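# Examination of the molecular architecture
Each chain, letter by letter, is given below.
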Amino acid sequence: MEETKKVSLYDNAVKQFDRAARIMELDRNLREVLIKPKRELTVNFPVCMDDGSIKVFTGYRVQHNVSRGPAKGGIRYHPDVTLDEVKALAFWMTWKSAVVDIPYGGAKGGVTVDPFKLSDSELEKLSRRFFSEIQIIIGEEKDIPAPDVNTDGQIMSWWMDTYSMNVGHTTLGIVTGKPLEIGGSEGRTEATGRGVNICIEEAVKYLTDKGKLNKKDEAITVAIQGFGNVGSYLALTLTEETKYRLVAISDYSGGFYKESGFTAEEIRRLMDRTRNRKALLLDVNEEGYKEITNEELLKLDVDVFAPCAMENAINENNADDIRAKLIVEGANGPLTPEADDILLSKNVFIVPDFLANAGGVTVSYFEWVQGLQWNFWELEDIRKALHKKMKNAFCDVAQTMDKYEVDMRTAAYVRAIERVANATKLRGIYP
């Protein structure tokens, strides 16, 4: 079996950037400024394990750009975390904040660890020590972390408490994605999935208006790859609030197909079964379900495919298998540039990740503002504000796409780069 060449996620991100930069004729000097991370921090830190042994873990925090505001981005716990991956994710965060026009720059972080192999006590000690290590470059007006893969509200609570203890006072704005009881925001947990749902609805309207999608009275069919926070809440909002028919869902352990479509009640039951860091979608044997593999899910004849799992999940080896007419990226970097080219050649419409999954950073911004003011909003207000931001961003990018006659990913980069480049030029190069 031929060995798979390791793909640099950061190089892929720069390739996507350069495609847009050429189209908009971006100044080469600005390109050099905008592609490089501002700061990269690597920390190696010890944790005392439950058996008394000491284990050293490696973590990262990368700040890509702060021209439009403080750095913002999640921190993930995963055994495959690398500096290259974190650099790419920080890079995308800059454009994600810019494309929805919120005053943040991009950052990202991670620890190379399998959190499922840690006890709760070990997980807490790792989280607190890591956050203390990166405290030299973070702050509620400098860099605000958030949840990501395998990190959640409990970990945000430990991070907030650790920082607050170190500075001597409670600091609500240091992280977002916190529980409501300690300064979190209504609607934050569902925000990324809800934002993907909004983009699906807007994309369906756009394609219908352009005459590229004509379902008449038939329900739009959807398949979701990934059932973590993003995929599960996308599934829930789709089944609760739209007339679309969700026919397939999957995670790393496999998936399920239901021709008649999942109900909101079924999705809630599946979400309940997958809590507490357990393997996803296990022990589901109700009548009407058909077990499928992730490979089979890609080949389903559906209207919409939403990849909400890990980066590079769709590549040159499987992109041609996809039969969906519309792809809305819930994960970060789920398509490689090669997969992009294959799918675009098949006239598949792709809503890029840093637009489609920007709901999370948008409501994180709302949470940060609430924390700074110690004044909290109602859920209805959060949802209305999110819907307005996501819809405006989609329409803005769609207009840019039509103007330049390019695909939506390139158009989203063009619009985001314009905003960051203009901010950089206005501020100038110090000194």
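Everything quoted here is computed from the prediction, not taken from an experiment.

The rules behind these values
- Residues numbered from 1 in each chain as written.
- Predicted model: local features only at pLDDT ≥ 70, side-chain atom pairs only at ≥ 80, totals over all residues.
- Heavy atoms only, no water.
- Helix = DSSP H or I, 4+ residues; strand = E, 2+ residues; numbered from the N terminus.
- Buried < 20%, exposed > 50% of the residue type's maximum accessible area, 1.4 Å probe, protein only.
- Contact = heavy atoms within 4.5 Å.
- Areas by Shrake-Rupley, 256 points an atom, 1.4 Å probe, with all protein chains shown as cover.
- Lys, Arg positive; Asp, Glu negative; His and termini not counted.
- Charge placed at Lys NZ, Arg CZ, Asp CG, Glu CD.
- Domains from an automatic or database assignment.
- Buried area = accessible area lost by both parts, 1.4 Å probe.
- Salt bridge = Lys/Arg side-chain N within 4 Å of Asp/Glu carboxyl O.
- Polar contact = N/O pair within 3.5 Å; in protein donor to acceptor, adjacent residues only side chain to side chain.
- Nonpolar A, V, L, I, M, F, W, Y, C, P; charged D, E, K, R; others polar.
- UniProt positions renumbered as here; feature names shortened; annotations may be inferred.
- Pairing = 2+ DSSP bridges.
- Axes fitted to C-alpha atoms, helices over the stretch in contact; angles between N-to-C directions.

A word on the overall build of the protein. A tally of helices and strands in the protein yields 14 helices and twelve strands. Going through the 431 residues of the protein one by one, you find that 59% of them count as buried. Excluding contacts between residues fewer than 6 apart, the proportion of contacts in the protein whose partners are at least 24 apart in sequence is 70%. Accessible area for the protein stands at about 19100 Å²; split by element, carbon and sulfur atoms hold 46% of it. Considering the protein, the positive charge centre built from 56 side chains and the negative charge centre built from 66 side chains are found 4 Å apart.

So, on to the domain arrangement of the protein. When cut into domains, the protein gives domain 1 (38-179) and domain 2 (189-356). Placing a centre on the C-alpha atoms of domain 1 and another on those of domain 2 gives a separation of 28 Å. Tallying the contact residues gives 16 residues for domain 1 and eight residues for domain 2. When the two sides are added together, the surface that domain 1 and domain 2 hide from each other amounts to roughly 1000 Å², 58% of it contributed by carbon and sulfur. When the buried surface of domain 1 facing domain 2 is broken down by residue, Trp92, Lys96 and Phe116 rank first, second and third, together holding 40% of it. Arg76 is paired through a salt bridge with Glu311; the nearest N and O atoms lie 3.3 Å apart. In this structure, the connection of domain 1 to domain 2 is made through two residue pairs in polar contact (both at pLDDT 80 or more). Every element with two or more residues in the side of domain 1 that touches domain 2 is listed here: β3 (71-78), α3 (83-99) and α4 (120-134). With six residues, the single largest contributor to the side of domain 1 that touches domain 2 is α3. The residue inventory of the side of domain 1 that touches domain 2, partitioned by class, reads nine nonpolar, one polar and six charged.

Another point: the UniProt feature "binding site: NAD(+)" (unreviewed entry) in the protein. Following the UniProt record, the feature "binding site: NAD(+)" (unreviewed entry) maps to Thr192 and Asn229 here. Of the residues just listed, which span 38 residues, no C-alpha pair is farther apart than 8.0 Å, and they cluster in one region. With respect to the element layout, Thr192 can be found in helix α6 (residues 191-209). Other than its neighbours up to four places away in sequence, Thr192 contacts Val230, Ala356, Asn357, Gly359 and Gly360. If you trace the backbone, Asn229 turns up in helix α7 (residues 229-241).

Sheet architecture is open: five strands sit in the order β1-β2-β4-β3-β5, paired in mixed fashion. Of all strands in the sheet, those bounded by a partner on one side alone are β1 (39-48) and β5 (143-147). With strand direction ignored, the average angle separating the axes of adjacent strands in the sheet is 20 degrees. Bridging between β3 and strand β4 (residues 105-112) involves six bridges; their strand directions are parallel. The partner of Ile75 across the bridge, within β4, is Gly109.

With that settled, the discussion passes to the sheet that holds strand β11 (residues 326-328). In a beta sheet, neighbouring strands pair by backbone hydrogen bonds and run either parallel or antiparallel. Taken together, the seven strands give an open sheet; going across it, the order is β9-β8-β7-β6-β10-β11-β12, and neighbouring strands pair in mixed fashion. With partners counted over all chains shown, the strands left at the sheet margins are β9 (290-292) and β12 (349-351), one partner each. Across this sheet, the average inter-strand angle for adjacent strands is 20 degrees, counted without regard to direction.

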